Amino acid sequence: MKKVITYTLLILCSLLFMAPLFWAITTALKSQQELYLFPPKWFPSVWRFSNFAEAWSIQPFNMFLKNTLIVTLLSTLGQLISCTLVAYGFARFQFKGRDALFLIVLATMMIPWEVTMIPQYMEFNYLGWINTLKPLIVPSWFGSAYFIFLLRQFIMTLPKELDEAATIDGAGKMTVLLRIIVPLMGPSLILVAVFHMMSCWNDYLGPLIFLNDQTKYTLTLGLSQFKGMHGVDMQSIMAITCLISIPPLAVFFFAQRYIVGGIATTGIKG
């Protein structure tokens, strides 16, 4: 009986949370006249799937999508490489001041981005990177304290005997990392990749600050501009919003078991 009640409550809660998404999809399929009916209609009389293509063609969303993919893929690659190297160093290397330096890295998580936003803008302006995609990509190649912490904790759960056995066979530090450690870090690396990809895909403030030219806009800026120009065209706005939401939803759906596995295997040892 408890399971029946539990599952019933979970189903009701899931329907409650899915209602806004369902309303956005049905609104995107409605005609202009059906948007303002009272009482509102949940289902359109005619399913206008052409709204998606028409809305996508109003603005250069193909260009926005290209820019977003470039930023997301390159910055995610940078996070994976840099965080893996730093986490491996903190987990396996013994050097003076290691623990103190790791605490300093963790302390950076307490600094909100709003505090470093102006200094970063001044730095990127000095380098001539304003109105380019570099400010959205290059910082990711220097790692993230949160992801470094996650990967370090996972590496510390791996027995050091694996490293020692590979070292006896003549493997160097990088060989141990690439041949032994990285293959075992699959779930944790996927966790980092998915979290960072979703963060980049949904980032609005960064592109808003560093980008000025429409040819450099990402999807979030393109959607904001679209809303400003077509504020009363709700079915088009909902259509673009639904299309933009598909990639992160798909990535999360296919990677959810790896995400759960990555969280489960990332302990707090050490």
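Residues numbered from 1 in each chain as written. Predicted model: local features only at pLDDT ≥ 70, side-chain atom pairs only at ≥ 80, totals over all residues. Heavy atoms only, no water.

Asks: Before we move on, can you summarise the overall build of the chain with the specific residues and values?
Replies: Along its length, the chain carries 13 helices and 0 strands. The linear arrangement of helices and strands in the chain, starting from the amino end, is α-α-α-α-α-α-α-α-α-α-α-α-α. Scaling as 2.2 N^0.38, a compact globule of 270 residues should have a C-alpha radius of gyration of about 18 Å, whereas the chain reaches 23 Å, well beyond that. Principal-axis analysis of the C-alpha atoms places the extent of the chain at approximately 75 × 65 × 30 Å. When burial is assessed residue by residue, the chain has 37% of its 270 residues classed as buried. Total accessible area computed for the chain in this model is approximately 16,100 Å², and 72% of it derives from carbon and sulfur atoms. Separation of charge centres in the chain, based on 18 positive and 12 negative side chains, amounts to 6 Å. (Helix = DSSP H or I, 4+ residues; strand = E, 2+ residues; numbered from the N terminus. Rg over C-alpha atoms; globule rule 2.2 N^0.38 Å. Buried < 20%, exposed > 50% of the residue type's maximum accessible area, 1.4 Å probe, protein only. Areas by Shrake-Rupley, 256 points an atom, 1.4 Å probe, with all protein chains shown as cover. Lys, Arg positive; Asp, Glu negative; His and termini not counted. Charge placed at Lys NZ, Arg CZ, Asp CG, Glu CD.)

Asks: Any details on the packing of helix α3 (residues 61-92) against helix α9 (residues 173-184)? Residues and values, ideally.
Replies: Packing of α3 against α9 brings their axes to within 12 Å, and their N-to-C directions diverge by 100 degrees. Judged on the interaxial angle alone, α9 and α3 are roughly perpendicular. Residues Thr84, Leu85, Tyr88 and Arg92 of α3 touch α9, and the partners they reach there are Lys173, Met174, Val176, Leu177, Ile181 and Val182. (Axes fitted to C-alpha atoms, helices over the stretch in contact; angles between N-to-C directions. Parallel < 35°, antiparallel > 145°, perpendicular 65-115°, else oblique. Contact = heavy atoms within 4.5 Å.)

Asks: Give a description of the pattern of salt bridges that names residues and reports values.
Replies: Inspection of the entire model under this criterion finds 2 salt bridges. For Arg98, the salt bridge goes to Asp99, with nearest N and O atoms at 3.4 Å. A residue is classified by how much of its surface remains accessible, and Asp99, at 48% relative accessible area, is partly exposed. (Salt bridge = Lys/Arg side-chain N within 4 Å of Asp/Glu carboxyl O.)

Asks: Report on helix α10 (residues 186-202), specifying residues and quantitative values.
Replies: In an α-helix, one turn spans 3.6 residues, which is why side chains three or four residues apart end up on the same side. Between its first and last C-alpha atoms α10 spans 24 Å; for 17 residues at 1.5 Å apiece the expected length is 24 Å, and the two agree. Along α10, the positions that sit buried rather than exposed are Ser188, Leu189, Leu191, Val192, Ala193, Val194, His196, Cys200 and Trp201. (Expected span 1.5 Å × (residues − 1).)

Asks: Now, about a nonpolar patch on the surface: what can you tell me, with residues and values included?
Replies: Among the surface-exposed residues, Ile70, Leu74, Leu77, Ile81, Leu85, Val86, Trp141, Phe142, Met174 and Leu178 lie close enough to one another that they form a single nonpolar patch of about 900 Å² accessible area. Breaking the nonpolar patch down by element, the ones donating at least two residues are α3 and α9. Considering the arrangement of structural elements, one finds Leu85 in helix α3. Residue classification places Leu85 among the partly exposed residues on the basis of a relative accessible area of 40%. (Patch = residues over 30% accessible without salt bridge, like charges linked within 9 Å, V, L, I, M, F, W, Y side chains within 5 Å.)

Asks: Which residues make up helix α4 (residues 98-107), and what values do they have?
Replies: All of the buried residues in α4 are Arg98, Phe102, Val105 and Leu106. Buried residues along α4 cover an arc of 95 degrees about the axis, so they all sit on one side. Along α4, exposed side chains directed more than 90 degrees from the buried face belong to Leu103 and Ile104. Close packing links the buried residues of α4 with α3 and α7 (145-156). (Arc of directions from axis to C-beta.)

Asks: Just give me the short version of the UniProt feature "transmembrane region" (unreviewed entry) in the chain, but keep the residues and values in it.
Replies: UniProt records the feature "transmembrane region" (unreviewed entry) for residues 69-88, 100-118, 138-155, 176-198 and 236-255 in the present numbering. A helix fraction of 100% and a strand fraction of 0% characterise residues 69-88, whose end C-alpha atoms lie 28 Å from each other. Across residues 176-198, the secondary structure splits into 96% helix and 0% strand, with the terminal C-alpha atoms separated by 30 Å. (UniProt positions renumbered as here; feature names shortened; annotations may be inferred.)

Asks: Quick one: what's the story with the domain arrangement of the chain, residue by residue and with numbers?
Replies: Looking at the assigned domains, one finds that the chain contains domain 1 (1-47) and domain 2 (58-267). Across the boundary between the two partners, domain 1 contributes 8 residues, which contact 7 residues of domain 2. Summing the contributions of domain 1 and of domain 2, the shared interface buries around 620 Å²; its carbon and sulfur component is 69%. If you look at where domain 1 meets domain 2, you find 0 salt bridges. Counting across the domain 1 and domain 2 interface gives 0 residue pairs in polar contact (both at pLDDT 80 or more). Among the residues forming the side of domain 1 that touches domain 2, the class breakdown is 5 nonpolar, 2 polar and 1 charged. (Domains from an automatic or database assignment. Buried area = accessible area lost by both parts, 1.4 Å probe. Polar contact = N/O pair within 3.5 Å; in protein donor to acceptor, adjacent residues only side chain to side chain. Nonpolar A, V, L, I, M, F, W, Y, C, P; charged D, E, K, R; others polar.)

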